[in-house]
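# Commentary on secondary and tertiary structure
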Amino acid sequence: MPLPLSGIVVLELGGLAPAPFAGMILSDFGASVIRIDRTNGRSTDILARNKRSISLNLKNPTAIATLREMTKKADVLLDPFRPGVLEKLGLGPDVLLKDNPRLIIARISGFGPSGPASKAAGHDINYLATAGVLGMIGQEGDPPVFPLNVLADFAGGGLMCAMGILMAIVERQRSGKGQVVDANLTSGTSYLTTFPYLMQRYGLNFAEPRGSSMLDGGAHFYQSYKTKDGRFMSVGAIEPQFYAELIKGLGLKLEDLPNQHDNEHWPAMKERFATIFASKTQAEWTDIFDGTDACVAPILSFREPIPGASPVTQQERQWPRQAAPPQPAPALSRTPARPADYENDVPFLTPGEHTCEILTQFGFSKDKIDQLLQSGAAMDASSPKANL
């Protein structure tokens, strides 16, 4: 059975993190994603699942003309460059949409397509900072905490870009026209904070300073706690019935404790909870809360399972003992994505390993392909002789 995006051809200009992730999402769900690599150097992109690679030297006018010809038969061009780079290559939207009015040009940038910061260098932490997100995360009195590079690069950038592409594909079914998708990481990450922004604006469960509200680390019942063996448990018992289960599992009694939402007592209650959680191992706490509605779960690792876990079979457990490798999401019942096979799939693509195959697919003759290879406009890694 065809996958949801079968027949959609995506040209992904080689880049870092957000663009490859967007391309991987599309390829997982069936799109034919072709990565446009340079003709020299080794790719370090590990998000190349289900993709193919063609190597083009975009400093060569013939290679640029070749890419322009390819965009005439593509559905999507994924652009990871800073604003203005495509235009300097002569491949701006004004040119490409005239060639192919159905083309969707998805542009991933850090700070947006225009304005003083549009061409500034940046990384995930900078986009979080300027989007107002970083200032929300962390404990009171401590510096803000950045969550790896997951939030801006992959959620606010790559995932938002994939969503924008899909919306443009749906709209194209009505209009027959493509368009430009601006997926800048700052705006995308800001969008993710709609809920806390509104909560702050209307004074609902978010207060200053950072780390003093219910959901940002202030509350003892929405927190992570260190266990006896140096591991951690997560606690999210907001509702009263779940809080009651939490208190029971900790060996305490509600009638002996202050009101759950009396925030004057939160600091002292966090210290009390920390002492209790430090008295048992992660495995012991997992077994205590497994099967309950206490909203307590072990903080799992990809690297190793919880040591000393009880021998109860996984089918009888509420929580797994190790974090499962990521799989495509969401799950579709009738046309699911291709599963990720981390045991057998090699995540790297060799730049140019499908060059001749792809050029043939796009209608280039053998003679034309030979000219591209001999001129240095293209490189085919699968056939070294073709580059002589």
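Residues numbered from 1 in each chain as written. Predicted model: local features only at pLDDT ≥ 70, side-chain atom pairs only at ≥ 80, totals over all residues. Heavy atoms only, no water.

### Points about the overall build of the protein chain
Helix and strand content of the protein chain: 13 helices and ten strands. Seen along its three principal axes, the alpha-carbon backbone of the protein chain occupies a region of about 85 × 50 × 40 Å. The burial tally for the protein chain puts 45% of its 388 residues in the buried class. Summarising the internal contacts of the protein chain: among those between residues at least 6 apart in sequence, 65% fall at separations of at least 24. About 20300 Å² of surface is accessible on the protein chain, with carbon and sulfur atoms providing 56% of the total. Across the protein chain, 37 positive and 40 negative side-chain charges occur, with their mean positions spaced 8 Å apart. (Helix = DSSP H or I, 4+ residues; strand = E, 2+ residues; numbered from the N terminus. Buried < 20%, exposed > 50% of the residue type's maximum accessible area, 1.4 Å probe, protein only. Contact = heavy atoms within 4.5 Å. Areas by Shrake-Rupley, 256 points an atom, 1.4 Å probe, with all protein chains shown as cover. Lys, Arg positive; Asp, Glu negative; His and termini not counted. Charge placed at Lys NZ, Arg CZ, Asp CG, Glu CD.)

### Regarding the sheet that holds strand β4 (residues 76–79)
One open sheet holds the seven strands; their spatial order is β6-β5-β4-β1-β2-β3-β10, and the pairing between them is mixed. The open sheet has two edge strands with one neighbour each: β6 (180–182) and β10 (378–379). Pairing between strand β1 (residues 9–13) and β4: three bridges, direction parallel. Within the sheet, the bridge partner assigned to E12 lies in β4 and is L78. Along the sheet face, helix α6 (residues 150–175) touches β4, β5 (104–107) and β6 and points at about 165° away from the line of β5. (Pairing = 2+ DSSP bridges. Axes fitted to C-alpha atoms, helices over the stretch in contact; angles between N-to-C directions.)

### Considering the packing of aromatic side chains
The description of an aromatic ring pair rests on the distance of the ring centres and on the angle between the ring planes. Applying the stated criterion across every chain, the model contains eight aromatic pairs. Taking 5.7 Å as the distance between ring centres and 85° as the angle between the ring planes, the aromatic pair formed by F221 and W266 counts as edge-to-face. Within this pair, whereas F221 is found in the loop between α8 (194–201) and β7 (222–226), its partner W266 is found in helix α10 (residues 266–277), the two being separated by 45 residues in sequence. When its relative accessible area of 0% is taken as the criterion, F221 is described as buried. Using a relative accessible area of 7% as the deciding quantity, one classes W266 as buried. On the numbers, 5.9 Å between centres and 25° between planes, the contact of W285 with F289 is stacked. On the criterion of helical spacing, the pair formed by W285 and F289 is a turn pair, its members being four residues apart in helix α11 (residues 282–289). The pair formed by W285 and F289 is uniform in burial state, with each residue classed as buried. Lying across the ring of W285, K280 places its NZ or CZ 5.9 Å from the centre. (Phe/Tyr/Trp six-rings, centres within 6.5 Å; stacked < 30°, edge-to-face > 60°. Lys NZ or Arg CZ within 6 Å of the ring centre and 35° of its normal.)

### Observations regarding the side chain of R231
Of note, R231 is situated in the loop between β7 and β8 (232–236). Polar contacts involving the side chain of R231 include one to the side chain of E304, which spans 2.8 Å. For R231, the residues in contact, after removing those within four places along its chain, are Y225, K226, Q282, E304, P305, I306 and P307. (Polar contact = N/O pair within 3.5 Å; in protein donor to acceptor, adjacent residues only side chain to side chain.)

### Examining the nonpolar core
Note on soluble globular proteins: their nonpolar side chains tend to be buried together. Membership of the largest hydrophobic core comes to 36 residues, with the highest contact counts inside it found for L78, C161 and I165. Taken together, the elements giving at least two residues each to this core come down to α1 (18–28), β4, β5, α5 (124–130) and α6. Broken down by element, the residue count for this core peaks at seven residues, all from α6. Among the nonpolar cores identified, the runner-up in size contains 28 residues, and I36, L67, L103 and L359 belong to it. (Core = buried A, V, L, I, M, F, W, Y, C linked by side-chain atoms within 4.5 Å.)

### Observations concerning a nonpolar patch on the surface
Taken together, the side chains of Y197, L198, Y202 and L204 present a nonpolar region at the surface, about 430 Å² in accessible area. Here Y197 shows up in helix α8. A relative accessible area of 43% means that Y197 is categorised as partly exposed. (Patch = residues over 30% accessible without salt bridge, like charges linked within 9 Å, V, L, I, M, F, W, Y side chains within 5 Å. Salt bridge = Lys/Arg side-chain N within 4 Å of Asp/Glu carboxyl O.)

### Considering the sheet that holds β7
Across a sheet, strands are paired by hydrogen bonds formed along the backbone, either parallel or antiparallel in direction. Strands sit in the order β7-β8-β9 across an open sheet of three strands; the sheet is antiparallel. Unpaired on one side and paired on the other, β7 and β9 (296–298) mark the two borders of the sheet. Averaged over all adjacent pairs, the angle separating strand axes in this sheet is 20°, with direction ignored. Pairing analysis gives three bridges linking β8 to β9, with the strands arranged antiparallel. Looking at the pairing, S234 lines up with A297 of β9. Of the strands in this sheet, β8 and β9 are in contact with α11, which crosses β8 at around 30°.

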